[in-house]
Amino acid sequence: MKKLVFLLVATFSLSMVAQEQITEGVVSSKMTMSSSNEQMNEQFAMIGDIAIVTYFKADKTRSETNNPMSGETVSIIDTQEKKMLTLLNNPMMGKMYSLTDIADSPDNSGVKITKGDETKTILGYECQEYNVVMNQEGVDMKMDVYTTEAIVAANQQTVEFGEDFKGFPLLMNINVNQAGMDMSMTYEVTEVKKETVADEKFSMTPPEGYELMEGM
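Residues numbered from 1 in each chain as written. Predicted model: local features only at pLDDT ≥ 70, side-chain atom pairs only at ≥ 80, totals over all residues. Heavy atoms only, no water.

### Structural notes on the side chain of Thr54
Point 1. Mapped onto the elements of the fold, Thr54 is located in strand β2 (residues 50–57).
Point 2. A polar contact of 3.0 Å, which involves the side chain of Thr54, links it to the side chain of Ser63. (Helix = DSSP H or I, 4+ residues; strand = E, 2+ residues; numbered from the N terminus. Polar contact = N/O pair within 3.5 Å; in protein donor to acceptor, adjacent residues only side chain to side chain.)

Below you can see the structure in the form of structure tokens.
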């Protein structure tokens, strides 16, 4: 469950009033978690909303979060090079990283993506609904996602969904069931700033002091 939370916590954000495409800037978002398990719910309540900052520039995205559960997490996606670098600075595990490939034709077995009938305006953006159902490694997940194609940026949770899924998520409601335990998460974009982002933010070279995560 901790690994699942870590993978889901690592990315997302945005906002603006016009429908022009924006390809470079800084996005702010928040994530809220709850569970049917009383002990986990108490932990989530103590953590509160988790703030996420996302930097994006053309085909590159960097998301940063810092919370008591997973420590500092950075996720960098380069869709042109088809690589994703994840950095984890955890008080228990120390400084770890993983560098993974993004598949040209992702294996979506166990994943069903349906374009919904609803549209919703979020922070001035017209968003399309997508419904995603996943069953992988004993984990059942349902996602209700609203995306905009006005934001040109990758997203960690959706980058491997393939051609059936378009746009950048501004709102994601996620329900997970693992071993009979339910958990709900909501990602919500709170702000988008159109501004210049330094190329150094998107370096795919792990910083000094980080060790490779085995099995990731």
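### Quick look at the nonpolar core
A general feature of soluble globular proteins is that nonpolar side chains tend to end up buried together.
Point 1. Formed by 23 residues in total, the largest nonpolar core has its most connected members in Val132, Met143 and Ile174.
Point 2. Breaking this core down by element, the ones donating at least two residues are β1 (24–35), α2 (38–47), β2, β7 (111–122), β8 (125–136), β9 (139–148), β10 (168–178) and β11 (181–193).
Point 3. Once residues within four sequence positions are removed from consideration, Met143 is found in contact with Tyr130, Asn131, Val132, Met134, Phe161, Met172, Asn173 and Ile174.
Point 4. Membership of the second largest hydrophobic core comes to 15 residues, among which are Phe56, Tyr125, Ala153 and Val189. (Core = buried A, V, L, I, M, F, W, Y, C linked by side-chain atoms within 4.5 Å. Buried < 20%, exposed > 50% of the residue type's maximum accessible area, 1.4 Å probe, protein only. Contact = heavy atoms within 4.5 Å.)

### Brief notes about the pattern of salt bridges
Point 1. Following the criterion strictly, the structure yields six salt bridges and no others.
Point 2. For Asp49, the salt bridge identified is with Lys30, shortest N-O distance 3.9 Å. A residue pair is termed long-range when its members are at least 10 positions apart, and Asp49 in the loop between α2 and β2 and Lys30 in strand β1 qualify at 19 residues.
Point 3. Assessed through its relative accessible area of 46%, Asp49 is described here as partly exposed.
Point 4. According to the relative accessible area criterion, Lys30 is partly exposed, its value standing at 30%.
Point 5. Two residues, Lys57 and Asp199, come together in a salt bridge whose shortest N-O distance is 2.6 Å. Taken as a pair, Lys57 in strand β2 and Asp199 in the loop between β11 and β12 (211–212) lie far apart in primary sequence, 142 residues in all. (Salt bridge = Lys/Arg side-chain N within 4 Å of Asp/Glu carboxyl O.)

### A short note on the sheet that holds β8
Remark on secondary structure: sheet strands pair via backbone hydrogen bonds, oriented parallel or antiparallel.
Point 1. Pairing in this open sheet of twelve strands is mixed, and the strands run β7-β8-β9-β10-β11-β1-β2-β3-β4-β5-β6-β12 from one edge to the other. A strand with exactly one partner marks an edge of an open sheet, and here the two such strands are β7 and β12.
Point 2. Bridge count for β2 against strand β3 (residues 60–67) is six bridges, and the pairing is antiparallel. By the bridge assignment, Val53 is partnered in β3 with Glu64.
Point 3. Sheet strands in contact with α2 are β1, β2 and β11, and its direction is about 145 degrees off that of β1. (Pairing = 2+ DSSP bridges. Axes fitted to C-alpha atoms, helices over the stretch in contact; angles between N-to-C directions.)

### A word on α2
Point 1. The distance from a side-chain oxygen at the start of α2 to the backbone nitrogen of Gln39 is 3.1 Å, and the residue carrying that oxygen is Asn37.
Point 2. Positive phi appears at Gly48, one or two residues downstream of α2, with a value of about 75 degrees.

Function cannot be read off these values alone, since they describe shape.
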